Amino acid sequence: MSRTPRTYWAAGTAVLLALLFAAAATVAAASGDPDTADRTPALHSADAGFARDMAVHHQQAVEMSFVVRDRTQDEAVRTLAYDIANTQANQRGMLLGWLDLWELPKVVAGEPPMTWMAPSEGSGGHGGHEAAKPGALMSGMATKEEIARLGAASGRDAEVLYLQLMTDHHVGGVAMARGCADQCVTPAERDLARGMVAAQQSELTLMADMLKQRGAAPRG
């Protein structure tokens with residue numbers, strides 16, 4: 001299937017947005033903002049929770065992207081998968097680096113994922129996010145069974161399943177990033193979260209188009 005100019009433009013724009021925001025976040029962190037120099041995030045802060053959870057969330061996106069690159073020869077899907085893997089691996093490195101800088105652990109025993117997100121109206125006191133589906137660690141994440149299905153599929157079936165799984169993944173990721181943009185106090189981290197929202201929303205539009213080209217649609 002040929003890769004349309006719209007597909008090239010959308011994928012390139014999403015990656016550029018993510019890299020620009022990541023670069024800005026790196027510069028901001030290195031500059032030592034005087035307003036936050038004495039406010040190292042606490043263990044259970046939104047800043048630390050987002051860094052820990054999004055690092056795990058991103059790792060699965062990288063994994064799925066490498067899986068699908070071996071299961072299809074479609075140029076559009078392989079390029080999108082490379083873009084997502086490259087961008088999210090870089091962002092994951094930044095998040096883990098901040099945890100090291102703050103001298104905070106990357107895993108906290110007994111802390112359920114996404115507990116850092118503030119309760120939203122109508123959430124019944126739980127974090128301001130949708131509950132993860134059975135078998136998934138966090139909202140939007142795929143289950144082990146779904147990852148296995150992706151690894152066993154090929155051609156169009158692998159392309160469609162990857163695009164559907166990654167759509168779910170991005171929806172969950174956008175909700176998390178918005179949570180950090182609202183709650184995190186570290187300017188560099190808030191900037192990175194806003195960049196994630198912009199880039200992943202662009203990729204969501206792109207993936208909906210790619211699914212339509214394959215006679216499919218996002219799940220649910």
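Predicted model, so just to flag it, every value in this text is computed and none were measured.

(A) Geometry of the overall build of the chain. Secondary structure assignment for the chain yields six helices and zero strands. In sequence order, the chain lays out its α and β elements as α-α-α-α-α-α. Look at the contacts in the chain between residues 6 or more apart in sequence, and 77% of them connect residues 24 or more apart. In the structure as shown, the chain presents an accessible area of about 10,400 Å², 56% of it carried by carbon and sulfur atoms.

(B) A look at the state of the cysteines. For the structure on display, the rule yields one disulfide. With a sulfur-sulfur separation of 2.3 Å, cysteine 180 is cross-linked through a disulfide to cysteine 184. Its S-S torsion of approximately -120° makes the covalent link between cysteine 180 and cysteine 184 left-handed. Cysteine 184 carries the same exposure label as cysteine 180, and that label is buried.

(C) Examining unusual backbone geometry more closely. For glutamate 103, which is not glycine, the phi torsion reads 60° and is therefore positive. Following the sequence through the fold, glutamate 103 ends up in the loop between helix 3 (75-101) and helix 4 (144-152). Classification of glutamate 103 as exposed rests on a relative accessible area of 74%. Of note, the phi angle at methionine 114 is positive, near 70°, even though the residue is not glycine. Among the structural elements, methionine 114 can be located in the loop between helix 3 and helix 4.

(D) Geometry of the packing of helix 3 against helix 5 (residues 155-183). Running from N to C, helix 3 and helix 5 cross one another at 35°; their axes reach a closest spacing of 11 Å. The crossing of helix 3 and helix 5 is left-handed. Across the interface between the two elements, Val77, Leu80, Ala81, Ile84 and Gln88 of helix 3 pack against Glu159, Tyr162, Leu163, Met166 and His170 of helix 5.

(E) Expanded view of the layout of surface pockets. Here the second largest pocket is characterised by a volume of approximately 150 Å³. Lining the second largest pocket, in full, are Arg52, Asp53, Val56, Lys106, Val107, Val108, Glu111, Pro112, Pro113, Leu137 and Met138. Grouping the amino acids of the lining of the second largest pocket by side-chain chemistry returns seven nonpolar, no polar and four charged.

(F) Layout of helix 2 (residues 46-69). A rise of 1.5 Å per residue sets the reference length of helix 2, with its 24 residues, at 34 Å; its end C-alpha atoms lie 34 Å apart and thus fit the reference within 8%. Most of helix 2 is tucked away: 18 of the 24 residues are buried.

(G) Quick look at the packing of helix 5 against helix 6 (residues 187-213). Where helix 5 contacts helix 6, the axes come no closer than 8 Å and their chain directions differ by 155°. Classified by the angle their axes make, helix 5 and helix 6 are roughly antiparallel. Viewed along their axes, helix 5 and helix 6 form a crossing whose handedness is left-handed. A per-class count over the contact of helix 5 with helix 6 returns 15 nonpolar, six polar and five charged.

(H) Structural view of the packing of aromatic side chains. One pass over the structure, following the stated rule, counts two aromatic pairs. Ring geometry for phenylalanine 50 against tryptophan 116: centres 5.6 Å apart, planes inclined by 80°, an arrangement best described as edge-to-face. In this pair, phenylalanine 50 sits in helix 2 while tryptophan 116 sits in the loop between helix 3 and helix 4, placing the two residues 66 residues apart along the sequence. You can call phenylalanine 50 buried: its relative accessible area is 0%.

(I) Quick peek at the environment of methionine 54. Note on placement: methionine 54 falls in helix 2. Since its relative accessible area comes to 0%, methionine 54 is described here as buried. Linking methionine 54 and leucine 96, residues 42 residues apart in sequence, is a C-alpha distance of 9.5 Å. When residues no more than four places from it in sequence are discounted, the contact partners of methionine 54 are Leu95, Gly173, Met176, Ala177 and Met196.

Criteria and thresholds
- Residues numbered from 1 in each chain as written.
- Predicted model: local features only at pLDDT ≥ 70, side-chain atom pairs only at ≥ 80, totals over all residues.
- Heavy atoms only, no water.
- Helix = DSSP H or I, 4+ residues; strand = E, 2+ residues; numbered from the N terminus.
- Contact = heavy atoms within 4.5 Å.
- Areas by Shrake-Rupley, 256 points an atom, 1.4 Å probe, with all protein chains shown as cover.
- Disulfide = S-S within 2.5 Å.
- Buried < 20%, exposed > 50% of the residue type's maximum accessible area, 1.4 Å probe, protein only.
- Axes fitted to C-alpha atoms, helices over the stretch in contact; angles between N-to-C directions.
- Left-handed = near helix turned anticlockwise from the far one by under 90°.
- 1 Å grid on protein atoms, 1.4 Å probe; cavity = no way out; pocket = protein on both sides within 12 Å on 5 of 7 lines; lining within 4 Å.
- Points joined across faces, edges and corners; volume = space filled by probe spheres on them.
- Nonpolar A, V, L, I, M, F, W, Y, C, P; charged D, E, K, R; others polar.
- Expected span 1.5 Å × (residues − 1).
- Parallel < 35°, antiparallel > 145°, perpendicular 65-115°, else oblique.
- Phe/Tyr/Trp six-rings, centres within 6.5 Å; stacked < 30°, edge-to-face > 60°.

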